[in-house]
Amino acid sequence: MIDYKALLYDCTPLEVFRRDRKEGALSHAYALFGDDFDAMDWIMREMVKIAVCKEGGCGECAACRALEGGVHPDVKFYQGKLDVAGVEEIVEDSGKYSVEGGRKIYIISELDKTLPAAQNKLLKTVEEPPDGVMFIMGIIKPSAVTETLKSRCKKLYYTGVDQRRLEEALSAEYGESDNVARAAAYAGGNISRAVKFAADGEFAMEADNIISLLGSMAKSGGVAREEIRLKQDKDHVLRYLDVTEIVLDMIEKYKRGLTRGSGGISLIAKGFNHAALAQCEYLVNDCRKRMESNCAPSAVLDTLLFGILEVKYKCR
Ligand SMILES: [Zn+2]
């Protein structure tokens, strides 16, 4: 297990949250923005400890132990899509007295998966919750959350982990290697992604292949060569889709000035504008759906590679 505490304990959202607590200025609603579900989950659980424990998250008192065991009666976690009925349950529950006599906290870890109608139902309670009630909500896709709901929360931004620290943590878990070093470089600060890379010895190599393909692919001959090279079974094509998505995301982040563009990303980024990247991302999602509905892996790979070739051609 990667040491999340070592990587995240002093991240900006937690520093802001600790300061708010110290100043007695905790807000009744926080929205945590970021792109790493597992890291955000850790941060939100730590926020709960800071808010509930009398020592601000000692990790040893009865409250902290109850939280770690997931059995604190006044803290409720909601993951995945929430519907209107689910929100009504939260609204009703928030009006009841706290069992331990302290704060009541509701953590909605993927608010962006909650339907707009349900978000609207939540609005009034988030705006003016009963005394002692706090909402902590994770948001990966900001556009999927209504502006009004976002505006009622104090916003915290999680922007990922420094590459050097990520490499240290990965090396402690997987040993030092070229694959680990590149996993840290390619992950763009995203811990879950870095772990996925580091745990799979061929991941970095596959990313290198895709980067070189995206850079050079100009004619259908390049596609044919790639199809010959790749194993076209289900597992390999699914991984190819994963890595392609990650590489596209790295290009996007580089273009928005969020990362340095290691491993050849800066070179191939010129060949893609934002519209082309969006079309490629759509293509990857479409291919994943095809895999789910049991299309032949070789046909899906064909759709992906020729699709990207077409997008690149139009992008010129
Ligand atoms: Zn404690």
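These numbers come from a predicted model, not from an experiment.

What about the side chain of Asn-190?
With respect to the element layout, Asn-190 can be found in the loop between helix H9 (178-186) and helix H10 (191-199). The contact partners of Asn-190, leaving out residues within four places of it in the chain, are Asp-35, Asp-36 and Leu-166.

So, the domain arrangement of the chain
How big an interface is tends to be stated in terms of accessible area lost as the parts join. The domain architecture assigned to the chain consists of domain 1 (4-157) and domain 2 (202-315). Its C-alpha centre places domain 1 at a distance of 36 Å from the equivalent point of domain 2.

Quick notes on the side chain of Gln-119
Looking at the secondary structure, you find Gln-119 in helix H6 (residues 116-127). At a separation of 2.9 Å, a polar atom in the side chain of Gln-119 contacts the main-chain carbonyl oxygen of Thr-114. Not counting residues within four places of it along the chain, the set of residues in contact with Gln-119 comprises Leu-111, Thr-114, Ala-144, Val-145, Thr-146 and Leu-149.

Observations regarding the coordination of the zinc ion
Taken together, Cys-53 (SG), Cys-58 (SG), Cys-61 (SG) and Cys-64 (SG) make up the full set of protein donors to the zinc ion, lying 2.3 Å away. Between the 4 donor atoms coordinating the zinc ion, the angles at the centre fall across 104 to 117°, so the site counts as tetrahedral. Mapping the donors of the zinc ion onto the primary sequence gives the spacing C-x4-C-x2-C-x2-C. Of this pair, Cys-53 sits in the loop between helix H3 (37-52) and helix H4 (62-68) while Cys-64 is found in helix H4, placing the two residues 11 residues apart along the sequence. Here Cys-53 falls in the buried class, since its relative accessible area comes to 2%.

Regarding the environment of Cys-287
Position of Cys-287 relative to the elements: it lies in helix H15 (residues 274-292). In this structure the C-alpha to C-alpha distance between Cys-287 and Lys-196, which are 91 residues apart in sequence, comes to 21 Å.

Considerations on the sheet that holds strand S2 (residues 75-78)
Taken together, 5 strands build an open sheet; the order of strands is S2-S3-S4-S1-S5 and the sheet is parallel. Where the open sheet ends on each side, the last strands, each with one partner, are S2 and strand S5 (154-157). This sheet shows a mean twist of 15° between the axes of neighbouring strands, independent of strand direction. Bridge analysis of S2 against strand S3 (residues 104-108) gives 4 bridges, and the strand direction is parallel. Residue Lys-76 lies in a different strand from S3, and its bridge partner there is Tyr-106. In the packing of helix H2 (residues 12-22) onto the sheet, the strands contacted are strand S1 (29-33), strand S4 (133-139) and S5, and the crossing angle to S5 comes to about 145°. Of the strands in this sheet, S2, S3 and S4 touch helix H5 (residues 84-94), which is tilted by about 165° from S3.

Reading guide: rules and limits
- Residues numbered from 1 in each chain as written.
- Predicted model: local features only at pLDDT ≥ 70, side-chain atom pairs only at ≥ 80, totals over all residues.
- Heavy atoms only, no water.
- Helix = DSSP H or I, 4+ residues; strand = E, 2+ residues; numbered from the N terminus.
- Contact = heavy atoms within 4.5 Å.
- Domains from an automatic or database assignment.
- Polar contact = N/O pair within 3.5 Å; in protein donor to acceptor, adjacent residues only side chain to side chain.
- Donors = N, O, S within 2.8 Å, 3.2 Å for Na, K, Ca; no water.
- Tetrahedral: all angles 85-135°; square planar, octahedral: opposite > 155°, others 65-115°.
- Buried < 20%, exposed > 50% of the residue type's maximum accessible area, 1.4 Å probe, protein only.
- Pairing = 2+ DSSP bridges.
- Axes fitted to C-alpha atoms, helices over the stretch in contact; angles between N-to-C directions.

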